[in-house]
Each structure stands twice: as structure tokens, then as C-alpha cells.
Amino acid sequence: MPIYAAFIFDLDGTLIDSAPDIAAALSKGFAANGWPELDPRYVEQFIGNGPRRLILDILEDKGIAYDGEAVERAFEGYLQAYLDDPAGRTQFFSHVPEDLAALRQAGARLGICTNKNHAVTGKVLEQLGLADLFDAAIGADAVPASKPDPGHLMAVAEAMALKPGSWAYVGDTNVDRATAEAAGVPFYVVPWGAGASVDVPTGHRLTRLADLLQHDPRPTAAE
């Protein structure tokens with residue numbers, strides 16, 4: 001049996017390596033301003049706080065001058081390019097599709113809380129064949145304030161009608177951890193993406209998503 005009745009997951013860096021698609025779409029947005037093409041592995045280090053923050057962080061890191069209109073052009077170009085080709089280069093992390101299916105088959109309910117654009121989130125899940133596994137998936141622009149605001153995570157839980165104490169959040173970044181902590185829910189971190197650098201209690205670092213099903217990784221009273 002699953003250790004909780006339900007799990008809400010982050011998407012980018014947790015279930016999928018979407019950096020190549022994000023970088024490709026972002027490069028098209030950058031091109032509208034004559035800004036440089038971006039390497040996926042470079043972009044990867046900035047993912048997690050939503051697309052507008054992603055653009056600003058990269059511009060600051062590269063020392064590129066910008067104004068509000070230029071950022072908006074880059075964002076609109078990025079969004080359209082991503083909607084046109086949401087997952088052509090995206091790959092799953094190890095065992096993710098079969099582990100999600102196993103959790104679902106065992107009776108766990110699943111949700112998505114992501115700082116990705118809401119419309120793009122739906123298209124990515126559909127293209128990857130994951131949409132039917134999730135009871136709710138809410139992107140950053142579908143809530144008043146996105147992660148690390150706990151209201152974003154709680155909006156997913158409310159959409160799923162989850163009871164307090166019956167679910168946990170799974171992610172790969174300190175943003176995810178901070179969101180879970182602010183919401184007062186257990187947090188588990190994956191070993192890939194940025195997960196290796198996230199500090200979590202003993203037993204809360206997964207080796208794969210099936211750990212949520214095959215054994216109880218929660219710390220004992222002695223720990």
C-alpha cells in the first residue's frame with residue numbers, strides 16, 4: 001500500500017527532464033530581442049520559479065540589459081513556442097511512468113503543483129501520456145500566488161478534496177521543500193534534478209518514486 005493516500009508532485013526536474021524544451025522555447029523568445037541562444041544544461045540551473053523569473057535570472061546572470069517591454073516579448077515568444085512544441089525533447093527520469101502507474105494502481109491519488117504555465121502543463125502531460133494519471137494539475141498562472149507560496153500547493157489539495165495528513169508533496173528543489181514546509185505537509189525529494197542538493201530529514205530522500213509504495217521512508221521515533 002502507498003504510505004499516503006495521495007501524492008502531489010512537482011513536474012520539471014521531478015518527473016521529467018524538460019530543460020531541452022524549455023531552453024528551445026526560451027531561445028525563440030530571446031531571439032525576438034536579439035539575445036543569445038541558450039544551452040539546456042545552463043537553463044536547467046534556473047528552473048523552478050516560473051518562466052518570468054527564469055527569464056530575469058538568466059538576463060541578470062548573463063549581464064544582458066533589458067526593460068519591461070523586452071522581457072514581455074521574450075516571455076510571449078517563449079510561451080507560444082512552448083505551446084507549439086511542449087514535449088518533443090522532454091525525457092522521463094528513471095522509472096517515472098511505471099512508478100506513477102504503480103502508485104495509481106495501488107490506490108494512491110496523484111496531483112501536480114508546478115510553476116510551469118498552466119496551459120503548457122496540460123499540453124505536456126497530454127503529449128507524454130500522463131494526463132489520465134492525475135486528478136488535478138495546477139500551473140503557476142492559475143493561482144493568485146505560485147510556489148513557494150503554500151496556497152498554490154493547497155489549491156491542488158483542495159481540487160483533489162484531500163484530507164489533512166493524508167498526502168505528501170514530492171519535488172526536487174528548495175522551492176518545493178519551502179512550499180511543503182509552509183503548507184505543513186510532508187516533503188520527499190527525488191535523487192535527480194536538483195534533488196541531491198536539497199536537505200531533507202532521514203528517510204525523505206527517494207531513490208525512485210516506487211519508494212513511496214514499496215517501503216515506508218518516514219523517519220522512526222528513534223530518528
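Residues numbered from 1 in each chain as written. Predicted model: local features only at pLDDT ≥ 70, side-chain atom pairs only at ≥ 80, totals over all residues. Heavy atoms only, no water.

Enquirer: Please set out the sheet that holds strand S5 (residues 136–138) residue by residue, giving values where relevant.
Expert: Strand order across the open sheet formed by five strands is S5-S4-S1-S6-S7, with parallel pairing between neighbours. If you trace the sheet from one side to the other, it starts and ends with S5 and strand S7 (187–189), each paired once. Between one strand axis and the next, the sheet turns through 20° on average, direction left out of account. Where strand S1 (residues 6–9) meets strand S6 (residues 167–171), four bridges bridge the pair, whose relative direction is parallel. (Pairing = 2+ DSSP bridges. Helix = DSSP H or I, 4+ residues; strand = E, 2+ residues; numbered from the N terminus. Axes fitted to C-alpha atoms, helices over the stretch in contact; angles between N-to-C directions.)

Enquirer: Mind laying out the side chain of aspartate 211, listing which residues take part and the relevant values?
Expert: With respect to the secondary-structure elements, aspartate 211 resides in helix H9 (residues 211–214). The charged side chain of aspartate 211 is buried without a salt bridge, its nearest counter-charge being arginine 208 at 5.8 Å. Here the side chain of aspartate 211 touches threonine 207 through a polar contact of 2.6 Å, landing on its backbone nitrogen. (Buried < 20%, exposed > 50% of the residue type's maximum accessible area, 1.4 Å probe, protein only. Lys, Arg positive; Asp, Glu negative; His and termini not counted. Salt bridge = Lys/Arg side-chain N within 4 Å of Asp/Glu carboxyl O. Polar contact = N/O pair within 3.5 Å; in protein donor to acceptor, adjacent residues only side chain to side chain.)

Enquirer: Give me the lowdown on the pairing of S1, citing residues and values where you can.
Expert: Here S1 shows a buried face lined by Ala6 and Ile8 and a second buried face lined by Phe7 and Phe9. Bridge count for S1 against strand S4 (residues 109–113) is four bridges, and the pairing is parallel. Its bridge partner being in S4, alanine 6 is matched across the sheet by arginine 109.

Enquirer: Mind laying out the packing of helix H7 (residues 150–159) against helix H8 (residues 174–183), listing which residues take part and the relevant values?
Expert: Where H7 meets H8, the closest approach of the two axes is 8 Å, and the angle between their N-to-C directions is 70°. By the angle class used here, H7 and H8 are roughly perpendicular. Within the contact between the two elements, H7 uses Pro150, Leu153 and Met154 and H8 uses Thr179, Ala180, Ala182 and Ala183. (Parallel < 35°, antiparallel > 145°, perpendicular 65-115°, else oblique. Contact = heavy atoms within 4.5 Å.)

Enquirer: Tell me about the pattern of salt bridges, and name the residues and values.
Expert: For the structure shown, the criterion picks out 13 salt bridges. Measuring nitrogen to oxygen at the nearest pair gives 3.0 Å for the salt bridge that ties glutamate 44 to arginine 41. Of the two residues, glutamate 44 and arginine 41 are both situated in helix H2 (residues 40–44); the distance of three residues between them amounts to about one turn of the helix. Several salt bridges share partner residues, and in doing so they unite Asp10, Lys147 and Asp176 into one network.

Enquirer: Which residues make up the packing of helix H1 (residues 19–31) against helix H3 (residues 51–62), and what are the values?
Expert: The contact between H1 and H3 brings their axes to 12 Å, and the two run at 70°. Put simply, H1 runs roughly perpendicular to H3. Contacts between H1 and H3 involve Ile22, Leu26 and Phe30 from the first element and Leu54, Ile55, Ile58 and Leu59 from the second.

Enquirer: With reference to specific residues and values, describe the nonpolar core.
Expert: Ranked by internal contacts, the top residues of the largest apolar core, which has 53 residues, are Phe7, Phe9, Leu15, Leu100 and Phe134. By residue number, the principal contributor to this core is helix H4 (residues 68–84), which donates eight residues. Excluding its chain neighbours within four sequence positions, the residues that come into contact with leucine 15 are Phe9, Asp10, Phe92, Phe93, Val96, Leu100, Ile112, Phe134 and Leu209. Ile138, Val143, Tyr169 and Ala183 belong to the second-largest nonpolar core, a separate cluster that totals 20 residues. (Core = buried A, V, L, I, M, F, W, Y, C linked by side-chain atoms within 4.5 Å.)

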